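Observations on the model geometry
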2 protein chains.
Amino acid sequence: MREVAIIGIGLTPIGEQWDKSLRQIAVEAVIAALKDAGRESVDGIFVGNMLSGILSHQENLGTLIADWMGLHGVEAFKIEAACASGAAAVRLGWMAIASGAMDAVIAMGVEKMADSKMADVTAALATAADADYEADEDISFVGINALIMRRYLYEYGWKHTDFAPFSINVHANAMHNPSARLHERITETDYNQATMIADPINLLDSSPTGDGAAALLLVPAETLRKNGQPIITIAGTASATDTIATHNRREATWLSAAAESARKAYAQAGVGPQDIDLFELHDAFSITAALSLEACGFVEKGQGPRAGLEGEILPIGRIPIATRGGLKARGHPVGATGVYQIAEVVQQLRGEAGDNQVPGAKIGMAQNIGGSGSNIQTHIIKRIV
Amino acid sequence: MREVAIIGIGLTPIGEQWDKSLRQIAVEAVIAALKDAGRESVDGIFVGNMLSGILSHQENLGTLIADWMGLHGVEAFKIEAACASGAAAVRLGWMAIASGAMDAVIAMGVEKMADSKMADVTAALATAADADYEADEDISFVGINALIMRRYLYEYGWKHTDFAPFSINVHANAMHNPSARLHERITETDYNQATMIADPINLLDSSPTGDGAAALLLVPAETLRKNGQPIITIAGTASATDTIATHNRREATWLSAAAESARKAYAQAGVGPQDIDLFELHDAFSITAALSLEACGFVEKGQGPRAGLEGEILPIGRIPIATRGGLKARGHPVGATGVYQIAEVVQQLRGEAGDNQVPGAKIGMAQNIGGSGSNIQTHIIKRIV
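Please read all numbers here as calculations on a predicted model, not as lab measurements.

**Side note on the overall build of chain A**
Within chain A, the secondary structure is distributed over 13 helices and 11 strands. Taken over C-alpha atoms, the radius of gyration comes to 19 Å for chain A, in line with the 21 Å a tight globule of 385 residues would show. Oriented by its inertia axes, the alpha-carbon framework of chain A measures out at about 55 × 45 × 40 Å. Counting all 385 residues of chain A, 67% fall into the buried class. Within chain A, contacts between residues at least 6 apart in sequence are counted, and of these 77% link residues at least 24 apart. Within the structure as shown, chain A displays about 12500 Å² of accessible surface, and the carbon and sulfur contribution to it stands at 50%. Averaging the locations of the 30 positively and 44 negatively charged side chains of chain A gives two centres separated by 6 Å.

**Describing the side chain of Glu59(A)**
In this structure, Glu59(A) sits in the loop between helix H2 (52-56) and helix H3 (61-68). There is a polar contact of 3.1 Å between the side chain of Glu59(A) and the side chain of Lys78(A). Leave out the neighbours within four places in its chain, and Glu59(A) touches Ser52(A), Gly53(A), Lys78(A), Met50(B), Ile54(B), Glu80(B) and Thr127(B).

**Concerning the pairing of strand E11 (residues 375-384) of chain B**
All names here are of chain B. Within E11, 7 of the 10 residues are buried, which leaves the element mostly enclosed by the surrounding structure. The sheet contact formed by strand E8 (residues 231-241) and E11 spans 10 bridges and is antiparallel. By the bridge assignment, Ile-232 is partnered in E11 with Arg-383. Pairing between strand E10 (residues 363-370) and E11: 8 bridges, direction antiparallel. Paired with Asn-368 across the strands is Gln-377, a residue of E11. Hairpin remark: E10 followed by E11, antiparallel, with 4 residues in the connecting loop; positive phi at Gly-371, about 60°.

**Details of the pairing of strand E7 (residues 212-220) of chain B**
Residues and elements named next belong to chain B. Burial analysis of E7 places 9 of its 9 residues in the buried class, which makes it a mostly covered element. Relative to E7, strand E1 (residues 4-11) runs antiparallel, the two sharing 7 bridges. In the sheet register, Leu-11 faces E7, and the bridge partner there is Ala-214.

**Here's the deal with the interface of chain A and chain B**
By convention, interface size is frequently given as the accessible area that disappears when the constituent parts associate. Contacts between chain A and chain B engage 58 residues on the former and 58 residues on the latter. Run the count over chain A and chain B and you get 6 salt bridges. The salt bridge partner of Arg23(A) is Asp130(B), with a shortest N-O separation of 2.7 Å. Seen at the junction of chain A and chain B, the total is 34 residue pairs in polar contact (both at pLDDT 80 or more). Those elements giving two or more residues to the side of chain A that touches chain B turn out to be H2, H3, strand E3 (75-80), helix H4 (85-98), strand E8 (231-241) and strand E11 (375-384) of chain A. Ranked by the residues each element gives to the side of chain A that touches chain B, the list is headed by H4(A), at 7 residues. Counted by class, the side of chain A that touches chain B contains 30 nonpolar, 18 polar and 10 charged residues. Across 3 bridges, the pairing between E3(A) and strand E3 (residues 75-80) of chain B is antiparallel.

**A few points about helix H1 (residues 22-37) of chain A**
Given 3.6 residues per helical turn, the α-helix brings residues three or four places apart onto the same face. All names here are of chain A. For H1, which comprises 16 residues, the first-to-last C-alpha distance of 23 Å matches the rise-based estimate of 22 Å (1.5 Å per residue) to within 8%. Of the positions making up H1, those classed as buried are Leu-22, Arg-23, Ile-25, Ala-26, Val-27, Ala-29, Val-30, Ala-33 and Leu-34. Tucked inside the fold, the buried residues of H1 contact strand E1 (4-11), strand E2 (44-48), H2, H3, strand E4 (105-111) and strand E7 (212-220).

**Some remarks on the packing of helix H6 (residues 141-156) of chain B against helix H10 (residues 286-295) of chain B**
Residue and element names in this part refer to chain B. In contact at an axis separation of 9 Å, H6 and H10 are set at 60° when each is read in the N-to-C sense. The angle between H6 and H10 places the two elements in the oblique class. Of the two elements, H6 crosses H10, and the hand of that crossing is left-handed. Where H6 approaches H10, its residues Asn-145, Ile-148, Met-149 and Tyr-152 are matched on the opposing element by Ser-286, Ile-287, Thr-288, Ala-290, Leu-291 and Glu-294. Classifying every residue of the contact of H6 with H10 gives 6 nonpolar, 3 polar and 1 charged.

**Topic: the pattern of salt bridges**
Any two side chains of opposite charge can pair, given that their charged atoms come close. What the rule picks out here adds up to 42 salt bridges over all chains. Arg2(A) serves as the salt-bridge partner of Glu222(A), at 3.4 Å between the closest nitrogen and oxygen. Taken together, the residues span a long stretch of sequence, with Glu222(A) in the loop between E7 and E8 and Arg2(A) in the segment before E1 at a distance of 220 residues. Across the pair Asp115(B) and Lys112(B) runs a salt bridge whose closest N-O atoms are separated by 3.1 Å. Since its relative accessible area comes to 48%, Asp115(B) is described here as partly exposed. A relative accessible area of 3% means that Lys112(B) is categorised as buried. What you see here is one network of salt bridges that share partners, running through Arg2(A), Asp103(A) and Glu222(A).

**A few points about the relation of the copies chain A and chain B**
Take chain A, turn it by 180°, move it 0.0 Å along the axis, and it overlays chain B with an RMSD of 0.0 Å. Overall, the copies show the geometry of a two-fold rotation axis. Rotation axis and chain A: the residue whose C-alpha lies nearest the axis is Ser99(A), separated from it by 1.9 Å. The fraction of interface residues of chain A whose copies in chain B are also interface residues reaches 98%, indicating that both copies meet through the same surface.

**What to know about the packing of aromatic side chains**
Here the distance between the centres and the angle between the planes together describe a pair of aromatic rings. All names here are of chain A. Scanning the model with the defined rule gives 12 aromatic pairs over all chains in all. Between Tyr-152 and Phe-163, the ring centres sit 6.0 Å apart and the planes meet at 70°, which makes this aromatic pair edge-to-face. Note that Tyr-152 is positioned in helix H6 (residues 141-156) and Phe-163 in the loop between H6 and helix H7 (164-174), a separation of 11 residues in sequence. Accessibility expressed as a relative area gives 0% for Tyr-152, which makes it buried. Feature note: the residues Tyr-152, Tyr-156, Phe-163 and Phe-166 constitute an aromatic cluster, connected by ring pairs. It is Arg-23 that lies over the ring of Trp-68; its NZ or CZ is 4.5 Å from the centre. We note Lys-301 situated over the ring of Trp-254; from NZ or CZ to the ring centre the distance is 5.4 Å.

**Details of the nonpolar core**
Ranked by size, the top nonpolar core spans 79 residues in total, and within it Phe46(A), Ile79(A), Phe46(B) and Ile79(B) carry the most contacts. In this structure, Tyr191(A), Ala194(A), Leu255(A) and Ile287(A) belong to the second largest nonpolar core, which totals 66 residues.

**A closer look at the environment of Ala76(A)**
As for its position among the elements, Ala76(A) is in strand E3. Given the relative accessible area of 1%, Ala76(A) is considered buried. Residues Ala76(A) and Ile106(A), 30 residues apart in the sequence, show an inter-C-alpha distance of 9.5 Å. What Ala76(A) contacts, discounting residues up to four positions off in sequence, is Ile45(A), Gly62(A), Thr63(A), Ala66(A), Ala81(B), Thr241(B) and Asn375(B).

Cut-offs and rules
- Residues numbered from 1 in each chain as written.
- Chains lettered and ligands numbered in written order.
- Predicted model: local features only at pLDDT ≥ 70, side-chain atom pairs only at ≥ 80, totals over all residues.
- Heavy atoms only, no water.
- Helix = DSSP H or I, 4+ residues; strand = E, 2+ residues; numbered from the N terminus.
- Rg over C-alpha atoms; globule rule 2.2 N^0.38 Å.
- Buried < 20%, exposed > 50% of the residue type's maximum accessible area, 1.4 Å probe, protein only.
- Contact = heavy atoms within 4.5 Å.
- Areas by Shrake-Rupley, 256 points an atom, 1.4 Å probe, with all protein chains shown as cover.
- Lys, Arg positive; Asp, Glu negative; His and termini not counted.
- Charge placed at Lys NZ, Arg CZ, Asp CG, Glu CD.
- Polar contact = N/O pair within 3.5 Å; in protein donor to acceptor, adjacent residues only side chain to side chain.
- Pairing = 2+ DSSP bridges.
- Salt bridge = Lys/Arg side-chain N within 4 Å of Asp/Glu carboxyl O.
- Nonpolar A, V, L, I, M, F, W, Y, C, P; charged D, E, K, R; others polar.
- Expected span 1.5 Å × (residues − 1).
- Axes fitted to C-alpha atoms, helices over the stretch in contact; angles between N-to-C directions.
- Parallel < 35°, antiparallel > 145°, perpendicular 65-115°, else oblique.
- Left-handed = near helix turned anticlockwise from the far one by under 90°.
- Least-squares fit on C-alpha atoms with pLDDT ≥ 70 in both.
- Phe/Tyr/Trp six-rings, centres within 6.5 Å; stacked < 30°, edge-to-face > 60°.
- Lys NZ or Arg CZ within 6 Å of the ring centre and 35° of its normal.
- Core = buried A, V, L, I, M, F, W, Y, C linked by side-chain atoms within 4.5 Å.

Following this line, the structure appears as structure tokens:
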């Protein structure tokens, strides 16, 4: 199995890009990643995307992007794993290099959501749930997560306001991220008074969707060893699933697929939670941030909010999370999110995270969550000098 | 790179399965493949599918199928490459085993089409074309292929009736295939008098869609070598793309991605066209069969119909094609088709093709075509004694 390095990253600003099409933002991200690496071609392209068929009437998306990039003839695949599509594309791109089947791969994610009516987007996002036993009951995706948060508050005795630090932290972090959708500091009062969406989840618990594309350029690490430069490698990569319907789980408040994929990624990388310098987690909702921290072993079960209340999640804390704004403030273009997360870890390991730089970061983790925790992809990225 | 063997196949009958849901036919195929191999679990599942989001309001499809199979916690991905989604799932499943990331994989395809209105299916299939520059002009997928066939007749001087042998052959082959959608012999007169769909493509040039699911069980070949039994391996696997829009190609009547992916697959397997005992090609339309034969080196450019007229494509011919009925008569459940093709090669190599058995078949090829030739996956399967 060949070791895989990330030698290029490309990120487009997340937002409502009325003047650009799906293919345009995708191509922008790929060009940026190639330019960052100083390369012009690849053998294949793995495109994480969830909604192009439904919202943009475009499947065969891998082919489209390869074509519009001018990457004539290369292999192309669209990878879908709900909101974890982006990191799933990275995991499969990693396999292409690790197996020796390809020597250079674009692993990317793209989502175009702003062109569609909000009701259509809500219905499209519900396709990540069980169509026959969840979505058919007219529950939305935020509705499912509200049930999870409500149960969590009941089980462990937390109050809603205890989750405020998750939101405040990421809004502060996003201030310095040019790709972020929201650049707006918030206070605890803002959080407590935000409009209720699906009780107990309010507006400031919820990540904004948007248009966005992000790309990574992967190559075998062995070709880079020669010149003694520091390299960034994928030290651990793993995924796992849980039941697609939340109501079929033994515990709705425990992300078993997060725990399992993290366990495998830690083992592959030869590290544990104590070795992780920063954690780009999937804070689609503030409850999801808490559950991810717990499942990956950063805090005890039921103690997620404590990490926020005690300042451990800040850029200077014990386990900095969502250092570039996370889903909540950087934004959540669903099929692209997992690639943004990994690219942000690379920024930190390169020392290019500006005002949010985690000093001396050498090992970062990214966790991308599909469905209500049903498909989870975990990557550990390492800087090797 | 580890060698990969196919140790189980599972096929469901293609048709209008009103009494079964998407998940049910998928699970049927997986159970059949596991049972065929005498196994109960895998590490991951790769699901080829094109239309579940649009037609069944279900994404996160890999997770759903893993869940309903009771394969708790395994990795799961949906792979989309238009009508080549099925073989694309096999190619990526192959990478998972070849890289050492997984030791047992289900690579499958599933499509549920019969529950939807025909106009919705037609619109959904057009998402394989360029949404902004082809589908937006209201051209259907059969329309694009009709333009290709019309140009081909003009370029090379063939008449429409010269394509009759492709259709007659596969209808005869499907008579003995219990999974086939159509069990009906046709004559040259039937072909010539069939209802016109999009001139010059008539009803008997066109493959029927349908509900269907097919699955393969892949494992490392090395674990099977010990007992001296014959094994079936993936000797060559490759894919390539062309422009997504047909009008952007230098030659609309040449499948460059078929030629390129076949070239790579031949090289990997160490064989050439002369070594292939049977070829499960992608006869979505009879013109596509001709173009595939040409691009893969079985006949000269522009001479595809000759292989039919001279009987070379029959089960007893020089290069038997679509031996179990092909897309035209076995049926074309789009995202599942590529897996049916490879499973049918396995049936031939095992000597389990019944009345359509190609005597002494040792090496078979399958080629799965997405879009109007824009994403093409080629596999060479070999029996090793």
